[in-house]
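Working through the structure, step by step
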Amino acid sequence: MRVVVTGGSGRLGRSLVTGLADAGHELISVDRAPVAELDRDGVRQLSLDLTDADATASALAETSADALIHLAAIAVPFSAPEDVIIRTNAALAQSVLGGAVGAGIRRVVAASSPTVFGYGAPRDWRPERLPLDETSPTLPWNAYALSKLLIEQTAAMLQRQTGDDVRFAAFRPCYVIAPEEWAGAPTQQGHTVQQRLDDPALSAPALFNYVDARDVAAFADTLLGALDDIPNGEVFMVGADDALAREPLSELLPRFHPGTADAASVLTGTSPAFSSAKAARLLGWRPTRSWRTELAAVAL
């Protein structure tokens, strides 16, 4: 397929564009600025302010793309004022997803976030059950999480307008670890993977969730190929099959999130706090990378 990826210059975007190009797709990465890592065969980079709805609509129409994956957003909670985060991410969602529909792109995928579940809320977050999955209630408590839920709802709104003429899906990738970060490059929060393992307090706010960016790329490839065959408008969790922790979450979660002991009691061994079972069931996708294998490979 010819696939447009917005936010292709970002941490996840670079791996997603590269992975889809390696899988044989023709990629158009749209971001404010190109990056050297994507200067390769099969990838075209387009510089664009995606908050400009008219320019975005025109650019998307000219791509004649078969599919679009929307990643572009302010990507870190509290990295900008709350009003800026909600305004920017909401504008991007309408501009890009609406522009894709107007351009006649038939497959539209939007990136959301597990933060929609509301974990870490300052006023006593207590999940009814764990692991969290697509049926868990969404309880955003900050502008970033709310903006991600709004992205999902923007796709749902457009689906109600277009019916099955356009195939939509959304996915919630866990804490993304790019390939270079296994080798010691700083992760999104500025710590290395090794530091996040050595000090559980660093990963506790995200409930020790993570996913390798290359696994997300494989998920996206699988999803694009399945969109015509699965129910329209599905939402998927995308995470590793284990937790980013050396101790069981049945012990760690109650330590950092009081009131979670009952729900966390099922998270024994290496079980993560988020389940990607739906992606396995509907798409046949499973993650193939773990911090255990990736860190060991770097050590060799």
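Here, the structure is the one placed above.
Residues numbered from 1 in each chain as written. Predicted model: local features only at pLDDT ≥ 70, side-chain atom pairs only at ≥ 80, totals over all residues. Heavy atoms only, no water.

Some points on the overall build of the protein
Looking only at helices and strands, the protein features twelve helices and nine strands. Taken over C-alpha atoms, the radius of gyration comes to 19 Å for the protein, in line with the 19 Å a tight globule of 300 residues would show. Referenced to the eigenvectors of the C-alpha coordinate spread, the extents of the protein come out at roughly 55 × 45 × 40 Å. A burial count over the protein gives 53% of its 300 residues as buried. Looking at the protein alone, contacts between residues at least 24 apart form 72% of all its contacts between residues at least 6 apart. Split by element, the accessible area of the protein, about 12,500 Å² in all, is 51% carbon and sulfur. (Helix = DSSP H or I, 4+ residues; strand = E, 2+ residues; numbered from the N terminus. Rg over C-alpha atoms; globule rule 2.2 N^0.38 Å. Buried < 20%, exposed > 50% of the residue type's maximum accessible area, 1.4 Å probe, protein only. Contact = heavy atoms within 4.5 Å. Areas by Shrake-Rupley, 256 points an atom, 1.4 Å probe, with all protein chains shown as cover.)

Remarks on the sheet that holds strand β5 (residues 107–111)
The seven strands are arranged β3-β2-β1-β4-β5-β6-β9 in an open sheet whose pairing can be described as parallel. Single-partner strands in this sheet number two, and they are β3 (43–47) and β9 (234–238). For this sheet, the mean inter-axis angle between neighbouring strands, taken without regard to orientation, is 20°. The pairing of strand β1 (residues 2–6) with strand β2 (residues 26–31) spans five bridges and is parallel. Following the sheet pairing, R2 is matched in β2 by E26. Strand contacts of helix α3 (residues 82–102): β1, β4 (67–70), β5 and β6 (167–173), with the helix running at about 175° to β4, the strand carrying the most contacts. (Pairing = 2+ DSSP bridges. Axes fitted to C-alpha atoms, helices over the stretch in contact; angles between N-to-C directions.)

Structural notes on the pairing of β4
Residues of β4 alternate between two faces, with A67 and I69 on one and L68 and H70 on the opposite face, all of them buried. As paired elements, β1 and β4 share four bridges and run parallel to each other. Residue pairing across strands places T6 opposite H70, the latter belonging to β4. The pairing of β4 with β5 spans four bridges and is classified as parallel. From the neighbouring strand, A67 faces β5, where its bridge partner is R107.

Focus on the environment of F219
Here F219 is to be found in helix α8 (residues 213–226). According to the relative accessible area criterion, F219 is buried, its value standing at 0%. Residues F219 and S290 lie 71 residues apart in sequence; the distance between their C-alpha atoms is 15 Å.

Details of the pairing of β1
Counting buried residues along β1, four of its five residues qualify, which places the element largely inside the surrounding structure. Viewed along the sheet, the connection from β1 through helix α1 (residues 11–22) into β2 turns out right-handed. (Right-handed = clockwise from strand over helix to strand, strands pointing away.)

Overview of the nonpolar core
Core analysis: the biggest nonpolar cluster contains 55 residues, and I69 and F171 have the highest contact counts within it. If one sorts the elements of this core by residue count, α8 sits on top with eight residues. Beyond its immediate sequence surroundings of up to four residues, F171 is in contact with I69, L71, V109, A110, A111, S112, S113, V216, F219, F236 and V238. Residues V4, L60, L97 and L158 belong to the second largest nonpolar core, which totals 23 residues. (Core = buried A, V, L, I, M, F, W, Y, C linked by side-chain atoms within 4.5 Å.)

Some remarks on the environment of D241
Among the structural elements, D241 can be located in the loop between β9 and α9 (249–256). Taking relative accessible area as the criterion, D241 reaches 39% and is therefore assigned partly exposed. Remark: the alpha-carbon pair of D241 and S271, spanning 30 residues in sequence, is separated by 7.0 Å. Not counting residues within four places of it along the chain, the set of residues in contact with D241 comprises T270, P272, R286 and P287. Among the polar contacts listed, one links the side chain of D241 to the side chain of R286, at a separation of 3.2 Å. (Polar contact = N/O pair within 3.5 Å; in protein donor to acceptor, adjacent residues only side chain to side chain.)

Brief notes about the side chain of T63
With respect to the helices, strands and loops of the structure, T63 is situated in helix α2 (residues 53–63). The class for T63 is buried, based on a relative accessible area of 3%. The contacts of T63, once residues within four sequence positions are left out, are R2, V4, I28 and I105.

Things to note about α2
Residues of α2 that are buried include every one of T56, A59, L60 and T63, and no others. The buried residues of α2 all sit within an arc of 95° when viewed along its axis, so they share a single face. Within α2, the exposed residues directed more than 90 degrees away from the buried face are D54 and E62. Residue D52 occupies the N-cap position of α2, its side-chain oxygen lying 3.3 Å from the main-chain nitrogen of D54. Trailing α2 by a residue or two, S64 shows a phi angle of about 50°, which is positive. (Arc of directions from axis to C-beta.)

Structural notes on the side chain of S112
Its location among the elements puts S112 in the loop between β5 and α4 (143–162). The class for S112 is buried, based on a relative accessible area of 4%. At 2.6 Å, the side chain of S112 forms a polar contact with the side chain of E152. In this structure S112 touches K148, E152, F171, R172 and P173, once residues within four positions along its chain are discounted.

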